[in-house]
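Take a look at the letters that make up each chain.
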Amino acid sequence: TGDTTLDVGFVNTASCQSEITYIDGDAGILRYRGYPIEQLAEQSSFLETTYLLIYGELPSASELEAFDQRLRRHTLLVEDMKNFFDGFPRDAHPMSVLSSAVSALGTFYQDSHDPHDAEAVEISTIRLLAKIPTIASYAFRKSQGQSLLYPDNDFNLVENFLWMTFGQPTEKYDLDPDLAKALDLLFILHADHEQNCSTSTVRLVGSSEANLFNAISAGIHALSGPLHGGANSAVLNMLGQIHRDGGDVKEFVRKVKNKEQGVKLMGFGHRVYKNYDPRAAIVKKTAHELFEKAGHNPLLDLAMELEQTALEDDYFVERKLYPNVDFYTGLIYESMGFPSNMFTVLFAIGRLPGWIAQYREMINDPATKIGRPRQVYIGESARDYLPAAQR
Ligand code: CMC
């Protein structure tokens, strides 16, 4: 119709210009603000990468220290928010609790909702970065029937999240530095990925000038689906099922190729990467290092066999399907002690700086307009209404 172009799933449509993240899907390249993901994974921290994404440059040592201290002062949730967690059923999915709690959080800070007030956006940024790990750990503790722990601001952001998730009120928490470092690395790898489904959602919601809390809450919902952030737990379920069925990888790949009951190889394929996802390569290496220390995991062997079988199979070769970031993350999260319904929540904590950076870029871009895609109408042409007795 007219000059409207049909582009289902926005495969070819750029919705914005952005300076944040660069991806070359054919070459398997990912950079945040120009820095290769491999260098950030090796040398940076999640805190520093968060600063980089949001403010555009790596911080000096004193800027990083000030940012860290500021976040530590905002980790506490307003006490009334705690009642909120009591309202959910014990088996509520923590992603739903997280997104609901983030919109609820916004109601306590209604004086900082104006997206065009830079100070309001800044304080909302700090509050979300500092409080979402607290909310995420509370969603987990409620599902376990455990008491909620106050943040301990001697810990940094990631350590604090581990303490609030796994600590016990009556015992001194023995933080495992290897675990904290591995989780920090996984958060760096998830921190931004340009205009994916959840980030586009954050931008679309924000383009109506909705406040940052509501835009982030919408992004969390978008991330919850198994084709996006939910893939990490879907991979672990898939590996468990193959293991229980006797570990026949070739039989599973045959089912995928024949598209039997719509079965997919979860953790494989990507809209943009038509090559090895550079994040997956780093996660795979980390998984090996961790399991070397923690002990042999049969599901890791199965995952590697599955990867190898798929990479040598014409179906996957022709379609350029490679492992994505989620193929190995579930195995690591499980070994850290997280139940599978928390995996996507971990993705959300990692992606938060990217969502915030993209929201801020959008709000400050004079070219921004409210997002409003068109459609190609294929329904009935005009027809006359008939009263019910005549139909
Ligand atoms: N297993 C089997 N076949 C696949 C897979 C897969 N994982 N992924 C794509 N295909 C096939 C698909 O059936 C299609 O085949 P055909 O041409 O015969 O119809 C072809 O490859 C092209 O796929 P598509 O569905 O058109 O690709 P897309 O860009 O729309 O979808 C995707 C991308 C990530 C949703 C998809 O690859 C998928 O569903 N993967 C499994 C879920 C997953 O791992 N998601 C995590 C993505 S990375 C983390 C994140 O960003 O959230």
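Residues numbered from 1 in each chain as written. Predicted model: local features only at pLDDT ≥ 70, side-chain atom pairs only at ≥ 80, totals over all residues. Heavy atoms only, no water.

Naming follows an unreviewed UniProt entry, where the protein appears as Citrate synthase of Ornithinimicrobium pekingense. Within the UniProt record for the protein, the comment given under Catalytic activity (unreviewed entry) is "oxaloacetate + acetyl-CoA + H2O = citrate + CoA + H(+)". Taken directly from UniProt, the Sequence similarities (unreviewed entry) text for the protein runs: "Belongs to the citrate synthase family." (UniProt positions renumbered as here; feature names shortened; annotations may be inferred.)

## Structural notes on the overall build of the protein
Each helix and strand counted, the protein has 17 helices and three strands in total. Here the C-alpha atoms of the protein give a radius of gyration of 22 Å, agreeing with the 21 Å that 2.2 N^0.38 yields for 391 residues. Over its C-alpha atoms, taken along the principal directions, the protein stretches across nearly 70 × 55 × 50 Å. The burial tally for the protein puts 51% of its 391 residues in the buried class. Once local pairs closer than 6 in sequence are excluded, the contacts in the protein between residues at least 24 apart make up 74%. (Helix = DSSP H or I, 4+ residues; strand = E, 2+ residues; numbered from the N terminus. Rg over C-alpha atoms; globule rule 2.2 N^0.38 Å. Buried < 20%, exposed > 50% of the residue type's maximum accessible area, 1.4 Å probe, protein only. Contact = heavy atoms within 4.5 Å.)

## Digging into a negative patch on the surface
Residues Asp114, Asp117, Glu119 and Glu209 make up a contiguous surface patch of negative charge. Assignment of secondary structure puts Glu119 in helix H6 (residues 118-143). (Patch = residues over 30% accessible without salt bridge, like charges linked within 9 Å, V, L, I, M, F, W, Y side chains within 5 Å. Areas by Shrake-Rupley, 256 points an atom, 1.4 Å probe, with all protein chains shown as cover. Salt bridge = Lys/Arg side-chain N within 4 Å of Asp/Glu carboxyl O. Lys, Arg positive; Asp, Glu negative; His and termini not counted. Charge placed at Lys NZ, Arg CZ, Asp CG, Glu CD.)

## Focus: a nonpolar patch on the surface
A cluster of nonpolar residues, Leu6, Val8, Val376 and Ile378, forms a patch on the protein surface that exposes about 450 Å² of accessible area. Examined against the element boundaries, Ile378 turns out to sit in the segment after helix H17 (343-364).

## Overview of the environment of His296
Examined against the element boundaries, His296 turns out to sit in the loop between helix H13 (278-294) and helix H14 (298-311). Using a relative accessible area of 62% as the deciding quantity, one classes His296 as exposed. Aside from chain neighbours lying at most four places away, what touches His296 is Phe291 and Asp301. Within polar-contact distance, the side chain of His296 engages the side chain of Asp301 at 2.9 Å. (Polar contact = N/O pair within 3.5 Å; in protein donor to acceptor, adjacent residues only side chain to side chain.)

## What about the site of the ligand?
Lining the immediate surroundings of the ligand are 20 residues, of which His228, Lys264, Leu265, Arg271 and Tyr315 lie closest. Lys259 is positioned such that a nitrogen or oxygen atom in its side chain is 2.9 Å from an oxygen atom of the ligand. Contact with the protein chains removes 74% of the 940 Å² of surface that the ligand exposes when unbound. Of the residues that constitute the shell around the ligand, the class distribution is nine nonpolar, six polar and five charged. (Near = heavy atom within 4 Å. Nonpolar A, V, L, I, M, F, W, Y, C, P; charged D, E, K, R; others polar.)

## Notes on unusual backbone geometry
The phi angle at Lys259 is positive, at roughly 50 degrees, despite the residue not being glycine. As for its placement among the helices and strands, Lys259 is situated in the loop between helix H12 (249-257) and H13. The phi angle at Gln261 is positive, at roughly 45 degrees, despite the residue not being glycine. Residue position: Gln261 is located in the loop between H12 and H13.

## So, the packing of aromatic side chains
What the rule picks out here adds up to 19 aromatic pairs. Ring centres of Phe268 and Phe316 lie 5.8 Å apart, and the angle between their planes is 75 degrees; this geometry places the pair in the edge-to-face category. Taken together, the positions of Phe268 in the loop between H12 and H13 and Phe316 in helix H15 (residues 314-318) put the pair 48 residues apart, joining distant regions of the chain. Accessibility expressed as a relative area gives 2% for Phe316, which makes it buried. (Phe/Tyr/Trp six-rings, centres within 6.5 Å; stacked < 30°, edge-to-face > 60°.)

## Some details on the sheet that holds strand S2 (residues 29-32)
With antiparallel pairing, three strands are arranged side by side in an open sheet as S1-S2-S3. With partners counted over all chains shown, the strands left at the sheet margins are strand S1 (21-24) and strand S3 (35-36), one partner each. In the sheet, S2 pairs with S3 via two bridges, with the strands oriented antiparallel. The partner of Tyr32 across the bridge, within S3, is Tyr35. (Pairing = 2+ DSSP bridges.)

## What about the pattern of salt bridges?
Counted by the stated rule, this structure contains 14 salt bridges. The closest approach of N and O atoms between Lys257 and Asp313, which form a salt bridge, is 2.9 Å. Within this pair, whereas Lys257 is found in helix H12, its partner Asp313 is found in the loop between H14 and H15, the two being separated by 56 residues in sequence. On the basis of relative accessibility, which here comes to 33%, the residue Lys257 falls in the partly exposed class.

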